[in-house]
Amino acid sequence: MRILSGIQPTGEKHLGNYFGAIRRWVNEQAEADCFYPIVDLHAITVAQEPTELRKSTLSLAALLIASGIDPERATLFVQSHVPEHARLAWVLECMTPYGDLRRMPQYREKSQTHAAFGVALLTYPVLQAADILLYQADAVPVGEDQRQHLELARDLAQRFNNRFGETFTVPRGTYPEVGAKVMDLQDPAMRMSTSSESDLGVVRILDPPEHIRKKIRSAVTDSGREVRRSPDKPGITTLIEILAAASGESAEQIQERYTGSGYGPFKADVADAIVELVTPIQRRYAELRNDQAELTRILARGATKAHAVAAQTLQRVHEAIGFVPP
């Protein structure tokens, strides 16, 4: 089975990214043929500072490898290094109804709140479809917020196949297990996000240990001292789920262990578990960032592997639609 999942290079990655996506990718690479593009073409749908984009792309590559993505098993590459992405996107745009793109939730939301925006805000779901269809992906891990985009990719694959003959694999979506969504430490009603209003609400994978401990200590809690998951205790529920994800224990085991202990010892153990989890990642990340030549070599090799697959798909597409071969 072939799996594809992309990640944007912008924004410092946090526990939500790790538990919801990165760790899942690490596990999947042992069982499937995995393609993991760093989607820098998607990043420029909003303005980027060039030096910062270049730095963040390399930093993300280092972080993914440090987290366990093995370039010998999975294909890790930068999207813009494989020109077939943009070339297939153009073909697919030519057969995508305008109304389908206007109905995409991200376009509706952002077009109403931004006075000016580029046309890519409307068309980038087609580029996402091209990312997937280029590699004949069988499965695409996505969050609920991307479900409609995946349906567009499926529709485009079926539409092309019906018109020109079997060309694309029609992908299916796989969705995160319950508990993969990590909530903000200061506002447990919101998902942890790099755009959070309070930095204290977000635990980043590369946060120093003392920052992690401070954020956990200051995490909002609920009335009482009982450590249990409950709708009326969203703050403690968030910390229980983080500890369960970091330690491998079940929420029930955690609740039983902290019966009668209060919030103080519990929070200290949550912080310890996170620090223990991220310390080896941070150590390996530092090694990789100090060897940029090796990091660049890894990405170049990944792009070569990705190009070999993408070029075959694009050639089939061009033949199907009647382009003259070079």
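Scroll up to find the structure this text is about.
Small disclaimer: the values here were computed from a predicted structure and weren't measured.

A. Region of interest: helix 7 (residues 120–134). The end-to-end C-alpha distance of helix 7 is 19 Å, a good match for the 21 Å that 15 residues give at a rise of 1.5 Å each. Most of helix 7 sits inside the fold, with 14 of its 15 residues counted as buried. Looking one or two places after helix 7, you find Q136, whose phi comes out positive at around 50°.

B. Inspection of the environment of V324 at higher detail. Along the chain, the position of V324 falls in the segment after helix 13 (292–321). Once the C-alpha coordinates of V324 and F168 are considered, the two residues, 156 residues apart in sequence, prove to be 20 Å apart.

C. Here's a closer look at the environment of E28. Along the polypeptide, E28 turns up in helix 1 (residues 15–28). C-alpha of E28 to C-alpha of I69: the two residues are 41 residues apart in sequence and 9.7 Å apart in space. Not counting residues within four places of it along the chain, the set of residues in contact with E28 comprises I3, C34, Y36 and P141.

D. Region of the structure containing the packing of helix 3 (residues 50–66) against helix 12 (residues 263–289). Interaxial distance between helix 3 and helix 12 falls to 8 Å at its minimum, and their mutual angle equals 135°. Considered as vectors, helix 3 and helix 12 are oriented oblique to each other. Crossing of helix 3 over helix 12 shows right-handed handedness. The segment helix 3 lies against helix 12, with K55, L58, S59, A62, L63, I65 and A66 engaging I281, R284, Y285, L288 and R289. The class makeup of the residues in the contact of helix 3 with helix 12 is 8 nonpolar, 1 polar and 3 charged.

E. Spatial organisation of the pairing of strand 3 (residues 75–78). Burial along strand 3 is two-sided: T75 and F77 and L76 and V78, pointing in opposite directions, are all buried. Pairing geometry for strand 2 (residues 33–38) and strand 3, over 4 bridges, is parallel. Counterpart to Y36 in the pairing with strand 3 is L76.

The rules behind the values
- Residues numbered from 1 in each chain as written.
- Predicted model: local features only at pLDDT ≥ 70, side-chain atom pairs only at ≥ 80, totals over all residues.
- Heavy atoms only, no water.
- Helix = DSSP H or I, 4+ residues; strand = E, 2+ residues; numbered from the N terminus.
- Expected span 1.5 Å × (residues − 1).
- Buried < 20%, exposed > 50% of the residue type's maximum accessible area, 1.4 Å probe, protein only.
- Contact = heavy atoms within 4.5 Å.
- Axes fitted to C-alpha atoms, helices over the stretch in contact; angles between N-to-C directions.
- Parallel < 35°, antiparallel > 145°, perpendicular 65-115°, else oblique.
- Left-handed = near helix turned anticlockwise from the far one by under 90°.
- Nonpolar A, V, L, I, M, F, W, Y, C, P; charged D, E, K, R; others polar.
- Pairing = 2+ DSSP bridges.

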